[in-house]
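Examination of the molecular architecture
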Amino acid sequence: MSETTAPVAAGLKVKRRAFLVDVFIRLVKTKPLGTVGLAIVLLLFVVGIGADLIAPYGYNEVDLGSRLATPGVGGHVLGTDHLGRDLLSRIIYGARISMIVALGASSLAAVLYITIGVISGFFGGKVDMIIQRFVDAVMAFPGLVIMLTVISVLGPGLMQIVITLGILGGIGGRVRVVRSAVIAIKENVYVEAARAIGSPPFTTMMRHILPNIFAVIIINFTVEMGGVILTESTLSFLGFGIPPPFPSWGAMLSESGRRYMLLAPWMAVWPGLALSLVVYGINMLGDALRDLLDPRLRGGLGRYGRLKGVITK
Amino acid sequence: MAEDNVLVDVQGLTMYFPVTAGVFRRKVAEVRAVDDVSFQIKKGETFGLVGESGCGKTTTGRAILQLYRPTAGKVFFEKNDLCKIGGEELRRSRRNMQLIFQDPYASLDPRMTAGNIIGEPLRVHGLVKGSEFQEQVAELFKLVELEPRMADRFPHEFSGGQRQRIGIARALALRPKLIVCDEPVSALDVSIQAQIIMLLERLREELGLTYIFIAHDLSVVRYISDRVAVMYLGKIVEITGSDELYDNPMHPYTQGLLSAVPIPNPRVDRQRKRILLTGDVPSPVNPPPGCHFNPRCFAVKAGCKEAEPELKEVTKGHWVACHRA
């Protein structure tokens, strides 16, 4: 019987991978801006991971002999700052920090808002009401004030930023987005069918609800990433973020960028440009993914999965 | 009716849904979807349940399976009162009773393969070990006349009839004793309907199944059912053998329904006198006093507006709830 087992099992795997490959192909074909966004995000990851190999200098390599060097002078492609540190290298190491913050905080947030949102939407009733009133309360607070408070208690640092942003992102408005997606899916007859065959609630959630809100999760994850990078920069700019000498883009803008703005404008221009570019790229990617994955929008996957003819086995 | 031959015994089944309003979700009224319904189903029987949409036939089916917990009444399944059990025990008892859905498009998870959909009940109840899974699924595919090699396809790659077969195979996976067929053919076109009906008949004979067959297509119900209950506004108005019901309908509502069935012979069709039921079904939130059917009945008489008629046996095995019978 192994003969029948193998092709079926293999078939499952092929289809699973095909879903993401399919999304990728359609992204490239139909969404030029989204493709650019994807390229920017991939660039961020490559640079962030390979920072040690790519950067020409260390991020805190002080060279007082060539302070405030103009871009292109003395082998410093993007110039140097007031301590003679190579700006290109600092931008590259800054990409690593942005990447860690973006992935770490968005993942932590995703785990939280998926768990809370699915429970809230699936069980409904009193559970839902209590959770939603809690979310209301969280959303009523000004986010920045909470973050500043929490970080002044925890002290600045990469880990603190990731955890704070992750938790705050995970108990706020995105819970509601997931919840409403779950409520829509829950009304499908196949969820009732699962109940009729005696499937326990947890199994139903894992097997039927989660795969069907996958698109919503991807979109939220992407948008959250952009937001988190910006928030980290805001915090760093205000001096509550990553402590020096670590090269957070936001900190580079504020700590010295402002002071030397007229003397060496490139000190503020490069991190600002990097920041805008990455956030723009992530947002473009998120938008494109929403268009591709939301079955209600034309050109999406349609009600029952991918478009016919796109995938040939 | 020999007592031990009864598979399902429904006693006074009642299902009210609350209508809430305001900030505090106060209950302001209730929809009487099913109101004091009783009947028995023998092993191996096909029990038809017919009525207009909104009359509570689907709710009755769901309440028997405990997908809705009934407001009142008892549902004995092989002498166990299903309304009293819950949680894990109820979950295990679902092995014995399954549901086939009306809409073959909505009842299959679009992100699961056909093989996984059909095999899901086996997994949920831990009935198969690794290698057996594919075998069992292949067997179920053959049982409903689908090709086992289609197991790795997704629902949208099947036609409506094939999807309904998948739904049937899923219901059969646990080898249940009772299957509630909730309008299993109404969403299909006529040629496919016949195939599915034949399949259901064959499966009943081969596997010794008992069906509750919910439908509004009267000719389909006559063909497949042994006995038929007619529902109106949450109540059963007539129960009898299916041929008896069609040849000798006693309740005015049944007579009206049957007269709406087209006869495939224009000459006969033109000559017969049609009974036209006027008006709409009254709201189940606020049913009319007395016999629920009195505002639309063509043979209404004095007592109909005061007393609610009891379901009584008029001739042997023919139960009618009408003051005139």
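Thresholds applied
- Residues numbered from 1 in each chain as written.
- Chains lettered and ligands numbered in written order.
- Predicted model: local features only at pLDDT ≥ 70, side-chain atom pairs only at ≥ 80, totals over all residues.
- Buried ≥ 20, exposed ≤ 12 C-beta atoms within 10 Å, placed from the backbone.
- Helix = DSSP H or I, 4+ residues; strand = E, 2+ residues; numbered from the N terminus.
- Pairing = 2+ DSSP bridges.
- Contact = placed C-beta atoms within 7 Å.
- Nonpolar A, V, L, I, M, F, W, Y, C, P; charged D, E, K, R; others polar.
- Axes fitted to C-alpha atoms, helices over the stretch in contact; angles between N-to-C directions.
- Parallel < 35°, antiparallel > 145°, perpendicular 65-115°, else oblique.
- Left-handed = near helix turned anticlockwise from the far one by under 90°.
- Expected span 1.5 Å × (residues − 1).
- Arc of directions from axis to C-beta.
- Core = buried A, V, L, I, M, F, W, Y, C linked by C-beta atoms within 7 Å.

**Re the pairing of strand 9 (residues 227–232) of chain B**
Residue and element names in this part refer to chain B. Across the six residues that make up strand 9, a large majority, six, are buried. The pairing of strand 3 (residues 46–50) with strand 9 spans four bridges and is parallel. Residue Val50 lies in a different strand from strand 9, and its bridge partner there is Val230. Here strand 9 folds back onto strand 10 (residues 235–241), and the loop between the two strands holds two residues, one of which, Leu233, carries a positive phi near 50 degrees.

**Some points on unusual backbone geometry**
The phi angle of most residues is negative, glycine excepted, and most peptide bonds adopt the trans form. All names here are of chain B. Positive phi values are uncommon outside glycine, yet Gln66 reaches one of about 65 degrees. Take Gln66: there are 20 C-beta atoms within 10 Å of it, and that puts it in the buried class. For Glu183, which is not glycine, the phi torsion reads 45 degrees and is therefore positive. Along the polypeptide, Glu183 turns up in the loop between strand 7 (178–182) and helix 6 (190–207).

**Let's talk about the sheet that holds strand 2 (residues 26–42) of chain B**
Residues and elements named next belong to chain B. Overall, antiparallel pairing links the four strands, which are arranged 2-1-4-5 in an open sheet. Single-partner strands in this sheet number two, and they are strand 2 and strand 5 (80–81). With 12 bridges joining them, strand 1 (residues 6–21) and strand 2 adopt antiparallel strand pairing. Directly across from Tyr16, in strand 2, lies its bridge partner Arg32.

**A few points about the interface of chain B and chain A**
Taken together, the contacts link 34 residues of chain B with 23 residues of chain A. Broken down by secondary-structure element, the contributors of at least two residues to the side of chain B that touches chain A are helix 2 (87–93), strand 6 (97–100), helix 3 (114–124) and helix 4 (130–143) of chain B. When its residues are assigned to classes, the side of chain B that touches chain A shows 15 nonpolar, eight polar and 11 charged.

**Comments concerning the pairing of strand 1 of chain B**
Residues and elements named next belong to chain B. The loop that links strand 1 with its antiparallel partner strand 2 comprises four residues; one of these, Gly22, has a positive phi angle of about 80 degrees. Bridge analysis of strand 1 against strand 4 (residues 72–77) gives five bridges, and the strand direction is antiparallel. For Gln11, the partnering residue across the bridge sits in strand 4 and is Lys74.

**Some thoughts on the packing of helix 4 (residues 87–123) of chain A against helix 8 (residues 173–186) of chain A**
Residues and elements named next belong to chain A. At a minimum axis distance of 7 Å, the contact between helix 4 and helix 8 shows a crossing angle of 45 degrees. Classified by the angle between their axes, helix 4 and helix 8 sit oblique to one another. Crossing geometry of helix 4 relative to helix 8 is assigned as right-handed. Of the residues in helix 8, those in contact with Ala109, Tyr113, Ile114, Ile116, Gly117, Val118, Ser120, Gly121 and Phe122 of helix 4 are Arg174, Val175, Val178, Arg179, Val182, Ile183 and Lys186. Of the residues that constitute the contact of helix 4 with helix 8, the class distribution is 10 nonpolar, three polar and three charged.

**Thoughts on helix 3 of chain B**
Residue and element names in this part refer to chain B. In terms of burial, helix 3 is largely enclosed, as eight of its 11 residues are buried. Restricting attention to buried positions, one finds in helix 3 the residues Ala114, Gly115, Ile117, Ile118, Gly119, Glu120, Pro121 and Val124. Positive backbone phi, approximately 60 degrees, marks Gly126, located one or two places after helix 3.

**Quick word on helix 8 of chain A**
All names here are of chain A. Taking 1.5 Å of rise per residue, the 14 residues of helix 8 would be expected to cover 20 Å, and the 20 Å separating its terminal C-alpha atoms lies within 8% of that figure. Listing the buried residues of helix 8 in full gives Arg174, Val175, Val178, Arg179, Ala181, Val182 and Ile185. When helix 8 is viewed along its axis, its buried side chains cluster within an angular range of 165 degrees and face the same direction. Contacts from the buried residues of helix 8 go to helix 4, helix 5 (125–140), helix 7 (158–170), helix 9 (189–196), helix 10 (201–212) and helix 11 (214–237).

**Some details on the nonpolar core**
Judged by nonpolar contacts, the single largest core of 162 residues is most densely connected at Val101 and Val178 of chain A together with Ala169, Cys181, Ile212, Phe213 and Val230 of chain B. Here this core takes 18 residues from helix 4 of chain A, the largest share from any one element. Filtering out sequence-adjacent residues up to four positions away, Ile212 of chain B remains in contact with Ile41, Phe47, Leu49, Gly61, Ile64, Val180 and Cys181 of chain B.

**Looking at the environment of Asp9 of chain B**
Residue and element names in this part refer to chain B. The topology assignment puts Asp9 in strand 1. Remark: the alpha-carbon pair of Asp9 and Ile64, spanning 55 residues in sequence, is separated by 9.6 Å. In this view, Asp9 contacts Gln40 and Phe76; residues no more than four positions away in its chain are not counted.

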